Amino acid sequence: MNKAPVKSLYSWRAVATSLPRPTNGEKAFSTVESPKDLDNKNDQDNSNPYWKKHSKTGRYQRPIYIAATRQHVGKTTVSLAVLSGLQKRFDKIGFIKPVGQQHVRVESKNSPGKEIRVDKDVELIKERFNLDHLDYEDMSPVLIPKGYTKDFVDGKIAFESQLSDLESAMKNVATASDVTVCEGTGHCAVGSIVGLNNAKVASILGADMLLIANGGLGSAYDELELNRVLCHQYGVNIAGVVINKVIPEKYDQTKEYMSKAMMKTWDIPLLGCVPDQPFLGCPALADLERLFKATLVCGEEHRFRHYSVDDINVVTTNLTRFLENLREKPQRTLYLCHVTRDDLIVGFMGEHQRRKANSDDSFEAALLICGRQGKYQLSNEISDLLSGLEGAPVMVVEKTTHEATSMISKFTPKLNIDDTNRVGVAIEHYEPYIDFDELLRRTQTTESSNK
């Protein structure tokens, strides 16, 4: 039998907003950080404006807050899969990224012609799921660009203004939606310096937490415990856990023992166990353009062709051996050569043209031409040849071959609105592994609050 949900401390927001704004000489953030200081405040009205009552069942649906145990564990990918599954079960799904970092510029629906900044994941999800009933302004209420934290600590940004923006946005999203998914930023403590870490925000919104961790047993469990403790501190109910990027050969073992361990110790279920999908970790050429701050000099039509990091080949051989590699190695291989190797560059172009002349469309290799900035540069003659080449992707990178290889191997490609193929594969792979029936059972209640 599952334990009753932990009492949400979201009503503490009334205490925070009632505090006076800092004046000269006072501390910048005079907000209550610890829910322990609020034990005597929880007799206030706990009716939650963000819980949605469904007429057919009479049950209240709480917001679902998705956070990770650390960076690069697949939080956005899980968010996409959860939203896809919920869209099949509800008429209108809502989404909000309470606190964002990396942003893009979009046009506001409420103010046509007005450009605003929103978190990049918001643009991806709004457009992917056609969330026309929501406005961008409400989906990304707090952004933390460079310099923001210093301004907050200096008292130039008030906690109360952040809180007001967050609550106003959440109210609009929740009112327009049957269920709302909130995507956090990083692990549960991220945002603490501005008073809005993920656990605290989930508490403010009365949301249930869905935690994401990478595959494994001991290390994954340890990371989950650190985040679980913070959620408990803020009175946030953890609906369940999704274990991601599980080594296929260890899938059954991971699923069985992680489920047993979590239920035995925490009484928290494993709501998803997802085997690794290597393709999702393969960078597209468009990702490499962003990584190296460069653009393809030819073959732009293949910007969203993906390459496995395992198939990177640094070419140091002679031209004859390189041509043999082009014909013998996997067709979709990413080659790197030094900018002074005119013979290899011409050979790469020649092999592409030879196959094209024979109506052979199997050529899917790409070439990164590397050379340290300020020391080496592409010759004018080779530049002219490349400008007239169609079809073969070539990029000039102002890094050594060693630097470029190292950067690619450490790079984690992110989902984005332009790479529709990767986004589609991610949703298709993840969604079947999530137990939506249990997720909804754990995030619904017959009561309007956690009194």
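Residues numbered from 1 in each chain as written. Predicted model: local features only at pLDDT ≥ 70, side-chain atom pairs only at ≥ 80, totals over all residues. Heavy atoms only, no water.

Draft legend 1. Representation of the confidence of the model for the chain within the structure. With 88% of its residues at a pLDDT of 70 or more, the chain shows a mean pLDDT of 87. Ignoring residues within four places in sequence, the model shows residues 1-46, a span with pLDDT below 50, making 93 contacts including any to other chains. (pLDDT = per-residue confidence, 0-100. Contact = heavy atoms within 4.5 Å.)

Draft legend 2. Broad picture of the pairing of strand 12 (residues 270-275). For strand 12, the buried fraction is high: six of the six residues fall into the buried class. The sheet contact formed by strand 11 (residues 238-246) and strand 12 spans four bridges and is parallel. If you follow valine 246 over to strand 12, its bridge partner there is proline 275. Handedness of the β-α-β unit built from strand 11, helix 9 (residues 251-265) and strand 12 comes out right-handed. (Buried < 20%, exposed > 50% of the residue type's maximum accessible area, 1.4 Å probe, protein only. Helix = DSSP H or I, 4+ residues; strand = E, 2+ residues; numbered from the N terminus. Pairing = 2+ DSSP bridges. Right-handed = clockwise from strand over helix to strand, strands pointing away.)

Draft legend 3. The arrangement of the environment of threonine 317 in detail. As for its position among the elements, threonine 317 is in the loop between strand 14 (312-314) and helix 11 (319-328). Taking the C-alpha atoms as reference points, threonine 317 and cysteine 337, separated by 20 residues in sequence, lie 9.8 Å from one another. Among residues more than four places away in sequence, those in contact with threonine 317 are Phe322, Arg341 and Leu344.

Draft legend 4. Highlighting the sheet that holds strand 17 (residues 394-397). If you trace the five strands from one edge of the open sheet to the other, you get 13-17-16-15-14, paired in mixed fashion. Two strands close off the open sheet at either side, each with one partner strand: strand 13 (296-298) and strand 14. The mean inter-strand angle of the sheet, taken between neighbouring strand axes irrespective of direction, is 25 degrees. Relative to strand 17, strand 16 (residues 366-370) is paired through four bridges, and the arrangement is parallel. Bridged to leucine 368 within strand 17 is methionine 395. Strands in contact with helix 10 (residues 285-292) are strand 13, strand 15 (334-338), strand 16 and strand 17; relative to strand 17, the strand with the most contacts, it is inclined by about 15 degrees. Across the face of the sheet, helix 14 (residues 401-410) comes into contact with strand 14, strand 15 and strand 16 while running at roughly 155 degrees to strand 15. (Axes fitted to C-alpha atoms, helices over the stretch in contact; angles between N-to-C directions.)

Draft legend 5. Quick look at the pairing of strand 17. Summarising the sheet, strand 13 and strand 17 pair through two bridges and their orientation is antiparallel. Residue pairing across strands places leucine 296 opposite methionine 395, the latter belonging to strand 17.

Draft legend 6. Looking closely at the nonpolar core. Counting 47 residues, the largest nonpolar core has Leu196, Leu205, Met209 and Leu224 as its most contacted members. No other element matches the six residues that helix 6 (residues 159-176) contributes to this core. The next biggest cluster of nonpolar side chains, apart from the first, holds 43 residues, and it includes Leu80, Val122, Ala239 and Leu415. (Core = buried A, V, L, I, M, F, W, Y, C linked by side-chain atoms within 4.5 Å.)

Draft legend 7. Spatial organisation of the sheet that holds strand 10 (residues 208-214). The sheet built from six strands is open, its strands ordered 4-9-3-10-11-12 with parallel pairing. The two strands at the open ends of the sheet, each matched to only one other strand, are strand 4 (93-96) and strand 12. Geometrically, the sheet is characterised by an average inter-axis angle of 20 degrees between neighbouring strands, direction not taken into account. Relative to strand 9 (residues 179-183), strand 4 is paired through four bridges, and the arrangement is parallel. In the strand pairing of strand 9, isoleucine 93 is matched with valine 179. Along the sheet, helix 2 (residues 75-87) contacts strand 3 (64-68), strand 4, strand 9, strand 10 and strand 11; its crossing angle with strand 9, the most-contacted strand, is approximately 175 degrees.

Draft legend 8. Spotlight on empty space enclosed by the protein. Under the counting rule described, the total for this entry stands at two cavities of 30 Å³ or more. A volume near 40 Å³ is recorded for the largest cavity. Taken together, Tyr50, Lys52, Gln61, Arg62, Pro63, Ala174, Ser177, Asp178, Val179 and Thr180 make up the lining of the largest cavity. Within this model, the second largest cavity holds a volume of roughly 30 Å³. Around the second largest cavity, the lining residues are Asn325, Leu326, Lys329, Pro330, Gln331, Tyr335, Arg355, Phe363, Glu364 and Ala365. A per-class count over the lining of the second largest cavity returns five nonpolar, two polar and three charged. (1 Å grid on protein atoms, 1.4 Å probe; cavity = no way out; pocket = protein on both sides within 12 Å on 5 of 7 lines; lining within 4 Å. Points joined across faces, edges and corners; volume = space filled by probe spheres on them. Nonpolar A, V, L, I, M, F, W, Y, C, P; charged D, E, K, R; others polar.)

Draft legend 9. Highlighting the side chain of asparagine 198. Mapped onto the elements, asparagine 198 comes out in helix 7 (residues 198-205). The class of asparagine 198 is buried, set by a relative accessible area of 4%. Within the structure, asparagine 198 has its side chain in polar contact with the side chain of tyrosine 65 (distance 2.8 Å). The contact partners of asparagine 198, leaving out residues within four places of it in the chain, are Tyr65, Ala67, Gly184, Thr185, Gly186, His187, Cys188, Val190 and Met209. (Polar contact = N/O pair within 3.5 Å; in protein donor to acceptor, adjacent residues only side chain to side chain.)

Draft legend 10. Structural context of the pattern of salt bridges. As enumerated under the stated definition, the model contains 24 salt bridges in all. Salt-bridge contacts for arginine 228 lead to glutamate 225; the nearest nitrogen and oxygen are separated by 2.8 Å. A residue pair is termed a helical-turn pair when its members lie 3 or 4 positions apart in one helix, as arginine 228 and glutamate 225 do in helix 8 (residues 218-233) at three residues. A relative accessible area of 27% places glutamate 225 in the partly exposed class. In this structure, a network of salt bridges that share partners links the residues Lys75, Lys97, Asp119, Lys120, Asp121 and Glu183. (Salt bridge = Lys/Arg side-chain N within 4 Å of Asp/Glu carboxyl O.)

Draft legend 11. Geometry of helix 7. Helix 7 sits mainly inside the fold: eight of its eight residues count as buried. Here helix 7 has its buried residues at Asn198, Ala199, Lys200, Val201, Ala202, Ser203, Ile204 and Leu205. At the N-terminal end of helix 7, a side-chain oxygen is found 3.0 Å from the backbone nitrogen of alanine 199, two or three residues along, and the residue is asparagine 197. Just downstream of helix 7 lies glycine 206, where phi reads positive at about 65 degrees.

Draft legend 12. Layout of the layout of surface pockets. Taken as a whole, the largest pocket spans an internal volume of roughly 1,300 Å³. Lining the largest pocket are 49 residues, with His72, Thr412, Pro413, Lys414 and Leu415 sitting closest to its centre. Listed by contribution, the elements that provide at least two residues to the lining of the largest pocket are helix 2, helix 3 (120-128), strand 11, helix 10, helix 14 and helix 15 (420-430). In terms of residue count, helix 3 provides more of the lining of the largest pocket than any other element does, four residues in total.

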